[in-house]
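So the chains spell out like this:
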Amino acid sequence: MAAEDHWKALFDQFDPDNTGYISTEKFRSLLQRHGSELDPHKLEVLLALADSNSEGRICYQDFVNLMSNKRSNSFRQAILQGNRRLCSKALLEETGLSLSQRLIRHVAYETLPREIDRKWYYDSYTCCPPPWFMITITLVAFFLYNGVVLDRFVLQVSHPLYLKNALLYHPQLRAQAWRYLTYIFMHAGIEHLGLNVVLQLLVGVPLEMVHGAARISFVYVAGVVAGSLAVSVADMRAPVVGSSGGVYALVSAHLANIVMNWSGMKCQFKLLRMAVALICMSFEFGRAVWLRFHPSAYPPCPHPSFMAHLGGVMVGITLGVIILRNYEQRLQDQTLWWIFLSIYVIFVLFAIFWNIFAYSLLDLKLPPPP
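Here the residue numbers are simple positions, counted from 1 along each chain's written sequence. For a predicted model such as this one, the threshold for reporting local features is a pLDDT of at least 70, and the threshold for listing and counting side-chain atom pairs is 80 or more; totals across whole chains, interfaces and linings nevertheless cover every residue. In computing side-chain properties, one takes all heavy atoms of the structure into account and sets aside hydrogens as well as water.

Is there a simple way to explain the layout of surface pockets in this structure?
With a probe scaled to a water molecule rolled over the atoms, the places where space remains empty come into view. Residues are said to line a cavity or pocket when one of their atoms sits within 4 Å of a point; the points come from a 1 Å grid over protein atoms alone, cavities being sets where a 1.4 Å probe fits but cannot get out and pockets being open sets with protein on both sides within 12 Å along at least five of seven lines. Grid points are joined across faces, edges and corners, and a volume is the space filled by probe spheres set on the points. The computed volume of the largest pocket comes to approximately 470 Å³. For the largest pocket, the lining is made up of 23 residues, of which Glu110, Leu202, Val203, His254 and Arg273 are closest to its centre. Going along the chain from the N terminus, every DSSP run of H or I of four or more residues is numbered as a helix, and every run of E of two or more is numbered as a strand. Only helix H6 (99-111), helix H10 (190-211), helix H12 (244-260) and helix H13 (270-293) provide two or more residues apiece to the lining of the largest pocket. Considering each element in turn, the lining of the largest pocket owes the most residues, 8 residues, to H10. Here the term charged refers only to Asp, Glu, Lys and Arg, the term nonpolar to Ala, Val, Leu, Ile, Met, Phe, Trp, Tyr, Cys and Pro, and the term polar to all other amino acids, Gly among them. Along the lines of polarity and charge, the residues of the lining of the largest pocket split into 17 nonpolar, 3 polar and 3 charged.

Quick look at the structure:
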């Protein structure tokens, strides 16, 4: 607030009548006098905004939004206008950076398609808070429960304790609502756990560094819930384990964002890395399909379902893409956000009613409870 008050006082010097606007000439004069107090990339965007403003005046609220990094349409306008007028060297060409600065620059090029976005993120990122969500849910939740409570890091589907725990989703126990989320803490084999952990950290942590814990955790949890609900609707007799719903939501959103902004994404070896990611995901999905139809070690209960993967993908290419495409913009201003969010809510409500009524109406023979 102190910084905002400082800039408000400077702005008011050029706006004695308190109209909320100053001319672009006065705005440029303000920047020239006090530009040394700004990050160079932020100053670059503000100058570009002054150059391209067709009304000949600058709104104070636009200026404050830009200075405070608020997600707003005014930020989007400045970014788009400034992007056409950038003339300085690219962030990738800057030298003399520390290790942490190079890491932040690397993350920017991995996730953001426009150079002005990358520069803005590079100047704004403070690592406070750190990407705690993905690290916590991966390292603490997975290994704390499996390693301390169960005295092992992973349970194979042939292990006697595989079904006898309070975490996995089981159709006979679908009234226990927490299981629609907690199934992510159990995995069907070390290869299942290993691939999910690797993808979750390599993709999830950089995305959280850029887009924040709130947005990335929303995509992840939405993928997890969609995964278990998809199993309860489309594969009604099967249990489900693993974090593939959340992981596939993040990875599919990231890959779709790269494809949609192919020319702007400057990450190295992007075609090769996309191919490797798709191969790994296809291998893990193929393994899940094979395991689902393999003879069960605990008949008549089948092996875990693969439908959670597909539920996660659907969340990733809808809600996830909208979130990743709108860096530092308010989601509530995006029409597609409300459309996809409404579709997701309708699916969740449909699945809830399906779980309440369909199982009895269809008279399914469910496997016995564990």
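Where do I start with the UniProt feature "transmembrane region" (unreviewed entry) in the protein chain in this structure?
Here, UniProt's "transmembrane region" (unreviewed entry) annotation points to residues 132-155, 216-234, 240-259, 271-293, 305-324 and 336-362. The span residues 216-234 is 100% helix and 0% strand, and its two end C-alpha atoms sit 26 Å from each other. Helix makes up 90% of residues 305-324 and strand 0%, and the two end C-alpha atoms of the span are 28 Å apart. UniProt positions are given in the numbering used here, feature names are shortened, and annotations may be inferred rather than shown by experiment.

In this structure, what is going on with the pattern of salt bridges? I would like to understand it.
A side chain of one charge can pair with a side chain of the opposite charge if their charged atoms are brought near each other. Think of a salt bridge as a Lys or Arg side-chain nitrogen and an Asp or Glu carboxyl oxygen that are within 4 Å of each other. Going through the model one piece at a time under the given rule, you end up with 2 salt bridges. One salt bridge in this structure joins arginine 273 and glutamate 110, with 2.3 Å as the shortest N-O distance. Placement of the pair is arginine 273 in helix H13 and glutamate 110 in helix H6, with a sequence separation of 163 residues. Summary of the burial criterion: residues with accessible area below 20% of their type's maximum are buried, those above 50% are exposed, and those between are partly exposed, where the area comes from a 1.4 Å probe applied to protein chains only. With a relative accessible area of 37%, arginine 273 lands in the partly exposed category. Exposure remark for glutamate 110: the relative accessible area of 11% places this residue in the buried category. With a shortest N-O distance of 2.8 Å, arginine 292 and aspartate 235 are connected by a salt bridge.

Even after reading the chapter, I still don't get the packing of helix H14 (residues 307-325) against helix H15 (residues 335-362), so can you show me in this structure?
A packed helix pair is summarised by two numbers, namely the angle formed by the two axes and the spacing between the axes. Fitted lines through C-alpha atoms serve as axes, helices being fitted only where they are in contact, and the angles separating the N-to-C directions of these axes extend from 0 to 180 degrees. Running from N to C, H14 and H15 cross one another at 145°; their axes reach a closest spacing of 9 Å. Every pair of crossing elements has a handedness; the one defined by H14 and H15 is left-handed. Contacts between H14 and H15 pair Val315, Thr318, Leu319, Ile322 and Ile323 from the former with Leu336, Trp337, Phe340, Leu341 and Tyr344 from the latter. Its residues assigned to classes, the contact of H14 with H15 comprises 9 nonpolar, 1 polar and no charged. Crossing handedness: left-handed means the near helix sits turned counterclockwise from the far one by under a right angle, and right-handed means the same turn made clockwise. We call two residues in contact when some of their heavy atoms are within 4.5 Å.

Explain the nonpolar core here, please?
The nonpolar side chains of soluble globular proteins are, as a tendency, buried together. Counting residues in hydrophobic clusters, the biggest one holds 78 residues, and the most contacted among them are Tyr121, Tyr220 and Tyr344. Here this core takes 11 residues from helix H11 (residues 213-234), the largest share from any one element. Side-chain atoms within 4.5 Å are what join buried Ala, Val, Leu, Ile, Met, Phe, Trp, Tyr and Cys residues into a set we call a nonpolar core.

Help me understand the packing of H12 against H13 in this model?
Two elements in contact, H12 and H13, have axes separated by 12 Å at closest approach and are oriented at 150°. Here H12 is positioned roughly antiparallel relative to H13, judged by the angle of their axes. As H12 packs across H13, the resulting crossing turns out to be left-handed. Mapping the contact onto sequence places Ser244, Tyr248, Val251, Leu255, Ile258 and Val259 in H12 and Met274, Ala277, Leu278, Met281, Glu284 and Phe285 in H13. Here the residues of the contact of H12 with H13 are counted per class, giving 10 nonpolar, 1 polar and 1 charged. Every angle not falling under 35 degrees, over 145, or within 65 to 115 is termed oblique; those three ranges are roughly parallel, roughly antiparallel and roughly perpendicular.

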